[in-house]
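Below are the chains, spelled out letter by letter.
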Amino acid sequence: MLKKNYTNIDGMLHIGGLSVEYLRKKYGTPLYIYDQKLIKDTARAFRENFKSDIFASEVSFASKAGSNLYLLGLIKNEGLFLDTVSIGEMYIGMKAGFEPKKIHLHGNNKTKEELVFAIENKIGTIIIDSYEEFLFLEEILKEMDEKMDCLLRINPDVKTSTHKYIQTSNADSKFGINIRDEKIESYIKEMAQSQFVNLLGFHAHIGSQVMEVGFFEEEAKILFDFTKKMQDLTDQSFSHLNLGGGFGVRQNKNDKDFDLEKFLRDFAKIIEEKIKDYKLKITRVGIEPGRSMINQAGTTIYSVGSVKHTLEGLPLVFVDGGMSDNIRPSLYGAKYDALIANRLDDKNYEKFRVGGKFCESGDILIEETDLPYPKRGDILAIENTGAYSLAMSSNYNKLPKPTVVFVEDGKDYLAVKRETLDDLIKNDCEYKGE
Ligand code: LLP
């Protein structure tokens, strides 16, 4: 079982052996704190449980969930691959030390600049998103006299029950080619014969924060059926399959658990059976976890400001951050829990809302949570914020982006410095009075 390195010492939350008070003093708030040991344990859990004697497993970290040099350096050290969706993500991945062949490129509308960058830097695989993109890529490869290993992204039409914005497998989805598209066979026949695109197999990703394992099993079954059909159609055997990411996490105390290690073991077994049943020549199977790799390791701490009682609704406890460091509650209605991290033993709970400091009514981080009555200067911690909050952070209302620190065994490691006021204008050009 993967465990957070949280302890309560005299009512003070400690993460990785360090008190949040110490971390606040050293780095200020808001502060993203990552439990480094938990990320290492999670990466190892992926490697050790998603494995097989009959296929090579390829676990790629989906860097859209979080990408900075420190985090990616740590992930690289754990021997994982990297999933990217832009020139920026490829660039950071390489700067963090990933061998280009362990990086693959996704995207529903890759630009020429991105494709050329991927080809020139010998990125491992490009995942083609549409027939039109195949033609575009082929033309570029021809011009450059290069070949590229590719997968084709299929939309397997699995209806997940996650938030609409993070479903990717509906008939109107912008990703991949729908498995029911009547032209799909002719497309694949043509791709399989290309001299420039080396079509290794297929890819699918059904959505994000998917809590029911049954959807992944359905996806795998559909993809294997499809690969077998395409193998017969093209007379070519496909060696790769990538089943994407999307594995759910327990975000708040009302969520059910997602037993990641068991799921990975069961998933690998199902895949093995399918490969055997269909007598496929698939030798490599990939998955692309983003959220499940880093979410539980992240905690955001804030300093409490005022508490306001409105005429209606729960009292609001205001913190010194909000929607610019975590847009997920406003965008997806994501639900988190909070702690008063310097008074863990105070159990006189009342119900509060947690509001940010942004000029926006929708800037509510938590609609309802139980807290001891917060006082100015208390430390409010929100758990399970490791994925996508930092990655989607902004400078709205011109707040500098917070510091990111990793902690392990009583040591803290600065990963990203807090932005300064000058950083806020570093790319701005002054009006010269014309
Ligand atoms: N592979 C592909 C092709 C994807 O599109 C995604 C996520 C992943 C892997 C990783 O999925 P994960 O394991 O992290 O669920 N901003 C949203 C999530 C967007 C996910 C987009 N694609 C959020 O904050 O919930």
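Values in this document were obtained by computation on a predicted structure and should not be read as measured data.

### Structural notes on the overall build of the protein
Alright, step 1. Looking only at helices and strands, the protein features 11 helices and 21 strands.
Alright, step 2. Along the first, second and third principal axes, the C-alpha atoms of the protein reach 70 × 65 × 45 Å.
Alright, step 3. Taken over 434 residues, the protein has a buried fraction of 55%.
Alright, step 4. The contacts in the protein between residues at least 6 apart in sequence include a share of 71% that link residues at least 24 apart.
Alright, step 5. A total of about 19700 Å² of accessible surface is found on the protein, and carbon and sulfur atoms cover 49% of it.
Alright, step 6. For the protein, the centre of its 59 positive side-chain charges and the centre of its 68 negative side-chain charges are spaced 3 Å apart.

### Quick word on the environment of Lys 183
Alright, step 1. Positionally, Lys 183 belongs in the loop between β10 (177–178) and α7 (184–192).
Alright, step 2. Placed 52 residues apart in sequence, Lys 183 and Tyr 131 show a C-alpha to C-alpha distance of 9.6 Å.

### Overview of helix α1 (residues 20–27)
Alright, step 1. By the burial criterion, the buried members of α1 are Val 20, Leu 23, Arg 24 and Tyr 27. The buried side chains of α1 occupy one side of the element, clustering within an arc of 100° when seen end-on.
Alright, step 2. Directly after α1, the chain includes Gly 28, whose backbone phi takes a positive value near 80°.

### A short note on the site of the ligand
Alright, step 1. The environment of the ligand is made up of 20 residues, and the closest members are Ser 208, Glu 288, Arg 328, Tyr 332 and Tyr 388.
Alright, step 2. Backbone polar atom of Gly 290 to an oxygen atom of the ligand: 2.9 Å apart, as the coordinates give it.
Alright, step 3. Between an oxygen atom of the ligand and a main-chain N or O atom of Arg 291, the distance comes to 2.7 Å.
Alright, step 4. Split into classes, the residues belonging to the shell around the ligand amount to six nonpolar, eight polar and six charged.

### Brief notes about the packing of aromatic side chains
Alright, step 1. Using the criterion set out here, one finds 17 aromatic pairs in the structure.
Alright, step 2. Note on Phe 247 and Phe 263: the rings are 5.2 Å apart at their centroids and 50° apart in plane angle, and the pair reads as tilted. Here the residue Phe 247 occupies a position in the loop between β12 (240–242) and α9 (260–277), and Phe 263 occupies one in helix α9, the gap between them amounting to 16 residues. An identical accessibility class is assigned to Phe 247 and Phe 263; each is buried.
Alright, step 3. Of the aromatic side chains, those joined through ring pairs into one cluster are Phe 46, Phe 50, Phe 55, Phe 216, Phe 247, Phe 258, Phe 263 and Phe 267.
Alright, step 4. Directly above the aromatic system of Tyr 6 lies the positively charged group of Lys 4, at a separation of 5.1 Å from the ring centroid.
Alright, step 5. Between the NZ or CZ atom of Lys 102 and the centre of the ring of Phe 81, over which it lies, the distance is 4.8 Å.

### Looking at the nonpolar core
Alright, step 1. Ranked by size, the top nonpolar core spans 82 residues in total, and within it Phe 50 and Phe 202 carry the most contacts.
Alright, step 2. What Phe 50 contacts, discounting residues up to four positions off in sequence, is Ala 45, Phe 55, Ser 57, Val 59, Leu 264, Phe 267, Ala 268, Ile 271, Val 285 and Ile 287.

### Details of the UniProt feature "binding site: pyridoxal 5'-phosphate" (unreviewed entry) in the protein
Alright, step 1. Mapped onto this numbering, the UniProt entry annotates "binding site: pyridoxal 5'-phosphate" (unreviewed entry) at Gly 246, Glu 288, Pro 289, Gly 290, Arg 291 and Tyr 388.
Alright, step 2. Residue position: Glu 288 is located in the loop between β13 (284–287) and α10 (291–294).
Alright, step 3. Once residues within four sequence positions are removed from consideration, Glu 288 is found in contact with Ser 60, Ala 62, Asp 83, His 104, His 106, His 203, Asn 242, Gly 244 and Gly 245.
Alright, step 4. When you line up the elements, Arg 291 lands in helix α10.
Alright, step 5. Residue Arg 291 is classed as buried on the basis of its relative accessible area of 4%.

### Topic: the pattern of salt bridges
Alright, step 1. Following the criterion strictly, the structure yields 24 salt bridges and no others.
Alright, step 2. Here Glu 383 and Lys 4 are joined by a salt bridge, their closest N and O atoms 2.9 Å apart. Of this pair, Glu 383 sits in strand β19 (residues 379–383) while Lys 4 is found in the segment before β1 (6–9), placing the two residues 379 residues apart along the sequence.
Alright, step 3. When its relative accessible area of 21% is taken as the criterion, Glu 383 is described as partly exposed.
Alright, step 4. Take Lys 4: its relative accessible area is 24%, and that puts it in the partly exposed class.
Alright, step 5. Among the ionic pairs, Asp 83 bridges to Lys 64, the shortest N-O distance being 4.0 Å.

### Examining helix α5 (residues 112–120)
Alright, step 1. Listed as buried for α5 are Glu 114, Leu 115, Phe 117, Ala 118 and Ile 119.
Alright, step 2. Of the surrounding secondary structure, the elements contacted by the buried residues of α5 are α4 (87–95), β7 (103–105), β8 (125–128), α6 (131–144) and β9 (148–155).
Alright, step 3. The first or second residue beyond α5 is Lys 122, which carries a positive phi of 55°.

### Quick word on the packing of α7 against helix α8 (residues 213–234)
Alright, step 1. Where α7 meets α8, the axes come as close as 10 Å, and the angle between the chain directions of the two elements is 60°. In terms of axis orientation, α7 runs oblique to α8. Crossing of α7 against α8: the hand is right-handed. Two secondary-structure elements touch here, α7 through Ile 184, Glu 185, Ile 188, Lys 189 and Ala 192 and α8 through Phe 226, Lys 229, Met 230, Leu 233 and Thr 234.

Conventions used here
- Residues numbered from 1 in each chain as written.
- Predicted model: local features only at pLDDT ≥ 70, side-chain atom pairs only at ≥ 80, totals over all residues.
- Heavy atoms only, no water.
- Helix = DSSP H or I, 4+ residues; strand = E, 2+ residues; numbered from the N terminus.
- Buried < 20%, exposed > 50% of the residue type's maximum accessible area, 1.4 Å probe, protein only.
- Contact = heavy atoms within 4.5 Å.
- Areas by Shrake-Rupley, 256 points an atom, 1.4 Å probe, with all protein chains shown as cover.
- Lys, Arg positive; Asp, Glu negative; His and termini not counted.
- Charge placed at Lys NZ, Arg CZ, Asp CG, Glu CD.
- Arc of directions from axis to C-beta.
- Near = heavy atom within 4 Å.
- Polar contact = N/O pair within 3.5 Å; in protein donor to acceptor, adjacent residues only side chain to side chain.
- Nonpolar A, V, L, I, M, F, W, Y, C, P; charged D, E, K, R; others polar.
- Phe/Tyr/Trp six-rings, centres within 6.5 Å; stacked < 30°, edge-to-face > 60°.
- Lys NZ or Arg CZ within 6 Å of the ring centre and 35° of its normal.
- Core = buried A, V, L, I, M, F, W, Y, C linked by side-chain atoms within 4.5 Å.
- UniProt positions renumbered as here; feature names shortened; annotations may be inferred.
- Salt bridge = Lys/Arg side-chain N within 4 Å of Asp/Glu carboxyl O.
- Axes fitted to C-alpha atoms, helices over the stretch in contact; angles between N-to-C directions.
- Parallel < 35°, antiparallel > 145°, perpendicular 65-115°, else oblique.
- Left-handed = near helix turned anticlockwise from the far one by under 90°.

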